[in-house]
Amino acid sequence: DGGRGRCCAPVLGTWQRRGGAVFVVFDESDDSDIGGGGIVPAIGAGPLVRAGASSAAVFDHYSLLRTIEDGWSLPHLGQSARATPITGIWKTATP
């Protein structure tokens, strides 16, 4: 909606100039308790994210952290070291 557009546009503009990505992840679902918090949408945007990419796999917040760490060659923090990264979302093999 318009509120999210006003909020996200400045952030996306900043990240696009830097060649990054922005992820919006909801914390919990009212419709499901799978994994303790349910199935929630996660949206990635930016010049490095492949348009229309999607996955039916189950990921958690540690998976997202691992994805970001791997994408920018950062060390793995805590439980992200054991998490499965989200694959198939980048336009290139390494952001």
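Right above here is the structure, for reference.
This section reports on the structure supplied with the text. Everything numeric here is computed off the predicted structure, so don't read it as measured data.

Reading the values: the criteria
- For every chain, the first residue of its written sequence is number 1, and the numbers climb from 1 along that sequence.
- Under the rules for a predicted model, residues below a pLDDT of 70 receive no local features and side-chain atom pairs below 80 are neither given nor counted, while totals for whole chains, interfaces and linings still include all residues.
- Computation of side-chain values covers all heavy atoms of the structure but excludes hydrogens and water.
- To qualify as a helix, a DSSP run of H or I must reach at least 4 residues; to qualify as a strand, a run of E must reach at least 2; elements of each kind are numbered from the N terminus.
- Throughout, exposure labels follow a simple rule: accessible area from a 1.4 Å probe, protein chains only, divided by the maximum for the residue type, with under 20% read as buried, over 50% as exposed, and the rest as partly exposed.
- Pairs of residues are marked as contacts when any of their non-hydrogen atoms sit within 4.5 Å.
- Think of a polar contact as two N or O atoms within 3.5 Å of one another; within protein, one of them needs to be a possible hydrogen donor and the other a possible acceptor, and neighboring residues in sequence only count if both atoms come from side chains.
- What counts as a salt bridge is simple: a side-chain nitrogen of Lys or Arg found within 4 Å of a carboxyl oxygen of Asp or Glu.

**Focus on the environment of Gly88**
Point 1. Looking at the secondary structure, you find Gly88 in the segment after α2 (61-71).
Point 2. Taking the relative accessible area as the measure of exposure, Gly88 reaches 42% and is therefore partly exposed.
Point 3. Between the C-alpha atom of Gly88 and that of Arg50, which follows or precedes it by 38 residues, the distance is 7.9 Å.
Point 4. Once residues within four sequence positions are removed from consideration, Gly88 is found in contact with Arg50 and Ala53.

**Structural notes on the side chain of Arg66**
Point 1. As for its position among the elements, Arg66 is in helix α2.
Point 2. In this structure Arg66 comes out as buried when scored by relative accessible area, which is 15%.
Point 3. Separated by 3.1 Å, the side chains of Arg66 and His76 make a polar contact.
Point 4. At 2.9 Å, the side chain of Arg66 forms a polar contact with the backbone oxygen of Ala81.
Point 5. The contact partners of Arg66, leaving out residues within four places of it in the chain, are His76, Ser80, Ala81, Arg82, Ala83 and Pro85.

**Examining the pattern of salt bridges**
Point 1. Scanning the entire structure with this criterion turns up one salt bridge.
Point 2. For Asp70, the salt bridge identified is with Arg66, shortest N-O distance 3.1 Å. Within this pair, Asp70 and its partner Arg66 are both found in helix α2, separated by four residues, close to a single helical turn.
Point 3. By relative accessible area, which is 33% here, Asp70 ends up partly exposed.

**A few points about the environment of Leu74**
Point 1. Structurally, the position occupied by Leu74 is in the segment after α2.
Point 2. Beyond its immediate sequence surroundings of up to four residues, Leu74 is in contact with Ile68 and Glu69.

**A few points about α2**
Point 1. For α2, the full list of buried residues reads Ser63, Leu64, Arg66, Thr67, Glu69 and Gly71.
Point 2. In this structure, the buried side of α2 is in contact with β1 (22-25).
Point 3. Sitting at the head of α2, Asp60 places a side-chain oxygen 3.0 Å from the backbone nitrogen of Tyr62.
Point 4. Looking at the residues trailing α2, positive phi occurs at Ser73, about 55 degrees.

**Quick notes on unusual backbone geometry**
The general pattern is negative phi for most residues beyond glycine and trans for most peptide bonds.
Point 1. Here the phi dihedral of Ser73 falls at roughly 55 degrees; this positive angle occurs in a residue that is not glycine.
Point 2. In this structure Ser73 comes out as exposed when scored by relative accessible area, which is 64%.

**Here's the deal with the side chain of Thr67**
Point 1. Looking at the element boundaries, Thr67 is found in helix α2.
Point 2. Looking at Thr67, its side chain comes within polar contact range of the main-chain oxygen of Ser63, at 2.7 Å.
Point 3. Setting aside its immediate chain neighbours within four residues, Thr67 contacts Pro85, Ile86, Ile89 and Trp90.

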